[in-house]
There are 2 protein chains.
Amino acid sequence: METTRAAELRAAGLRVTRPRLSVLKVLAERPHADADAIVTGARALHPSLSSQAVYGILRALVSAGLARRIEPAGAPALFELRVGDNHHHLVCRSCGAVADVDCAVGAAPCLEPSDAAGFVVDEAEVVFWGLCLECQGRDHPVAAAEESVQIPQHATRGGVHA
Amino acid sequence: METTRAAELRAAGLRVTRPRLSVLKVLAERPHADADAIVTGARALHPSLSSQAVYGILRALVSAGLARRIEPAGAPALFELRVGDNHHHLVCRSCGAVADVDCAVGAAPCLEPSDAAGFVVDEAEVVFWGLCLECQGRDHPVAAAEESVQIPQHATRGGVHA
DNA sequence: GTGTTCTTTTGAACCAGTCAAATCAAGGAC
DNA sequence: GTCCTTGATTTGACTGGTTCAAAAGAACAC
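These numbers come from a predicted model, not from an experiment. (Residues numbered from 1 in each chain as written. Chains lettered and ligands numbered in written order. Predicted model: local features only at pLDDT ≥ 70, side-chain atom pairs only at ≥ 80, totals over all residues. Heavy atoms only, no water.)

### Some points on the pairing of strand β6 (residues 120-131) of chain B
Next, step 1: Among the 12 residues that make up β6(B), 11 are buried, leaving the element largely enclosed by the rest of the structure.
Next, step 2: Both strand β6 (residues 120-131) of chain A and β6(B) contribute to a ladder of 11 bridges, which runs antiparallel. Pairing of Leu131(A) across the sheet is with Val120(B), part of β6(B).
Next, step 3: Pairing between strand β4 (residues 87-92) of chain B and β6(B): 4 bridges, direction parallel. The partner of Cys92(B) across the bridge, within β6(B), is Gly130(B). (Buried < 20%, exposed > 50% of the residue type's maximum accessible area, 1.4 Å probe, protein only. Helix = DSSP H or I, 4+ residues; strand = E, 2+ residues; numbered from the N terminus. Pairing = 2+ DSSP bridges.)

Structure representation (C-alpha cells):
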C-alpha cells in the first residue's frame, strides 16, 4: 500500500519522503481534512513533522495534481485526494462537515454560464450549503438554518436556487 | 438618493449613520469590492472612518440582508448589494476580476445534488473560474490558464465540467 | 432635551498561511 | 556501497485579513 503511494509520488516527479507518505496516508484516511488536522494526523506517523512542512507538502501535492484544495467560505482550506473527476461538495453551515457529490447531469447545460461576459471558463465549482443529518437533529428541525451558524454566509430563504 | 439608502437601513432595523451611508454608496458604485477598497472609497466621504468600523458595518449589512458576502478561494472577501436574486459569479484566475451571471436555468435540476447524503440543502453556490477578456489578451491566448496564477486553485484541463 | 441603546473608535489580538535561511535526506553517478 | 547534487524539511519570523473588547460617541424614542 505504501508502495502505491510512493509510486504515485515518483510518477508525479516528486521525491518519496516519510513526511509526504504520512500526509498522503492521512488524506486517504480522512478526506476533507484541513491543514491542522493533517498536521496532527501526520505527526502520529512522523512526530517531528512541522506544520510548515505540511503546508509545503500540500502545496507540492496540489500543484502536482495529486491532491485538490477546496476553500469553503469562512473556513480554512480543506484537502482531498479525489482529483480529476467532476465532483462537488455539500457543506454543513452548522458544523462544517463536507460530503462529496457528483452532479446529476454530466456536462450540465446550466453550468455553462448564460452570459460569460467575455470570460473563457475552464471550471465550474459548485458548493451546496445546508445542514448535515446530524445537525438537523441537534438544531431545531424546522428553519434550522437560522441556528447558530459559524460560517458567515447569508442563508437564502426559500429552497435551492440556481 | 441618500434618502433611499437611509430608508433601506431603517427598514432593516439599522440606525442611519454617515459611515453606513458611505459604505452603501461605495458598494453601489463598485460591486464586488473587497473590504480594503470599501475602506478607501468610504474614506473619501467620511475621512475619519476606521477599517474596523467598515468590517462592523459590512457585517451588519450582510446579516440584515442588505449586502452579500462572497469569498472566492484564495482572495479576500468581496461584497455586493445585489441580494435576493439567484445569481452567481465568474472569477478571473489571473486578475481576480468578478462578473455576475444568472444561471441559464431557473431552479436548475442539476443544482439539486444527485445524492444529498442526508443534507438539507438551502443554497447552491456556483463559481465559474476562467480568464477575463483583458487577461486573455495579456497572457498568451492559448492555454492561457496555465499562466502565472495568483489564486491557488488546480486548473482543470479540458473544458467546463459539472 | 434627555437618556438609553446602538455605533464607532481605538488598540490589541488572532489565525491561516507564507517567506527565507540553514540543515538534512533522496536517489543518481561512480 | 559512497559521494554529490538537488530538492525537501526545519526553524523562526512575519504578513494580511479579520475579529475582539473596552471606552467614547451619536441616533432616535420619549
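### Details of helix α4 (residues 51-63) of chain B
Residue and element names in this part refer to chain B.
Next, step 1: Helix length check: α4 (13 residues) gives 18 Å between terminal C-alpha atoms against 18 Å at 1.5 Å per residue, within 8%.
Next, step 2: Among the residues making up α4, those that are buried are Val54, Ile57, Leu58, Ala60, Leu61 and Val62.
Next, step 3: Downstream of α4 by a residue or two, Gly65 has a phi angle that is positive, lying close to 85 degrees. (Expected span 1.5 Å × (residues − 1).)

### Digging into the sheet that holds β6(B)
Next, step 1: One open sheet holds the 6 strands; their spatial order is β5(A)-β4(A)-β6(A)-β6(B)-β4(B)-β5(B), and the pairing between them is mixed. The open sheet terminates on both sides in strands that have one partner only, identified here as β5 (98-102) of chain A together with β5 (98-102) of chain B. Averaged over all pairs of adjacent strands, the angle between their axes in this sheet comes to 30 degrees, without regard to strand direction. (Axes fitted to C-alpha atoms, helices over the stretch in contact; angles between N-to-C directions.)

### A short note on helix α2 (residues 18-29) of chain B
Next, step 1: End to end, α2(B) covers 17 Å across 12 residues, agreeing with the expected 16 Å (1.5 Å per residue, within 8%).
Next, step 2: For α2(B), every residue scored as buried is listed here: Pro19(B), Arg20(B), Leu21(B), Ser22(B), Val23(B), Leu24(B), Val26(B) and Leu27(B).

### Some words on the environment of Val127(A)
Residue and element names in this part refer to chain A.
Next, step 1: Relative to the helices and strands, Val127 resides in strand β6.
Next, step 2: A residue is classified by how much of its surface remains accessible, and Val127, at 12% relative accessible area, is buried.
Next, step 3: Once the C-alpha coordinates of Val127 and Val101 are considered, the two residues, 26 residues apart in sequence, prove to be 9.5 Å apart.

### Points about the protein's contact with DNA strand D
Next, step 1: In the vicinity of DNA strand D, 20 residues are found, and the nearest of them are Arg15(A), Thr17(A), Arg20(A), Ala53(A) and Tyr55(B).
Next, step 2: If you look at DNA strand D and keep only atoms within 4 Å of the protein, 67% of those are sugar or phosphate atoms.
Next, step 3: Arg20(A) places a polar side-chain atom, nitrogen or oxygen, 3.0 Å from a phosphate oxygen of DNA strand D.
Next, step 4: At 3.3 Å, a backbone N or O of Ser48(A) approaches a phosphate oxygen of DNA strand D.
Next, step 5: Of the residues contributing to the surface near DNA strand D, the split by class is 9 nonpolar, 5 polar and 6 charged. (Near = heavy atom within 4 Å. Polar contact = N/O pair within 3.5 Å; in protein donor to acceptor, adjacent residues only side chain to side chain. Nonpolar A, V, L, I, M, F, W, Y, C, P; charged D, E, K, R; others polar.)

### Description of the pattern of salt bridges
Residue and element names in this part refer to chain B.
Next, step 1: Inspection of the entire model under this criterion finds 16 salt bridges over all chains.
Next, step 2: Ionic pairing is found between Glu80 and Arg68, a salt bridge with its closest N-O pair at 3.5 Å. On the criterion of sequence distance, the pair formed by Glu80 in strand β3 (residues 78-80) and Arg68 in strand β2 (residues 68-70) is long-range, its members being 12 residues apart. A single burial state applies to Glu80 and to Arg68, both of which are buried. (Salt bridge = Lys/Arg side-chain N within 4 Å of Asp/Glu carboxyl O.)

### Some words on the packing of helix α2 (residues 18-29) of chain A against helix α4 (residues 51-63) of chain A
Residues and elements named next belong to chain A.
Next, step 1: At a closest axis distance of 10 Å, the pairing of α2 and α4 adopts a crossing angle of 75 degrees. Classified by the angle between their axes, α2 and α4 sit roughly perpendicular to one another. The residues of α4 that touch α2, namely those facing Pro19, Arg20, Val23, Leu24 and Leu27, are Val54, Ile57, Leu58, Ala60 and Leu61.
Next, step 2: Its residues assigned to classes, the contact of α2 with α4 comprises 9 nonpolar, no polar and 1 charged. (Parallel < 35°, antiparallel > 145°, perpendicular 65-115°, else oblique. Contact = heavy atoms within 4.5 Å.)

### Overview of the protein's contact with DNA strand C
Next, step 1: Near DNA strand C, the surroundings consist of 22 residues, among which Arg10(A), Arg15(B), Thr17(B), Arg20(B) and Ala53(B) are the closest.
Next, step 2: Backbone atoms, meaning sugar and phosphate, form 62% of the atoms of DNA strand C found within 4 Å of the protein.
Next, step 3: Note that a phosphate oxygen of DNA strand C is positioned 3.1 Å from one of the side-chain N or O atoms of Arg10(A).
Next, step 4: Arg15(B) is positioned such that a nitrogen or oxygen atom in its side chain is 2.9 Å from a base oxygen of DNA strand C.
Next, step 5: Within the surface near DNA strand C, the residues separate by chemical class into 10 nonpolar, 6 polar and 6 charged.

### Quick word on the environment of Glu71(B)
Next, step 1: Relative to the helices and strands, Glu71(B) is located in the loop between β2 and β3.
Next, step 2: At 3.1 Å, the side chain of Glu71(B) forms a polar contact with the side chain of Arg69(B).

### So, unusual backbone geometry
Next, step 1: Positive phi values are uncommon outside glycine, yet His32(A) reaches one of about 65 degrees.
Next, step 2: The topology assignment puts His32(A) in the loop between α2 and β1 (33-34).

Geometry only, nothing functional implied.
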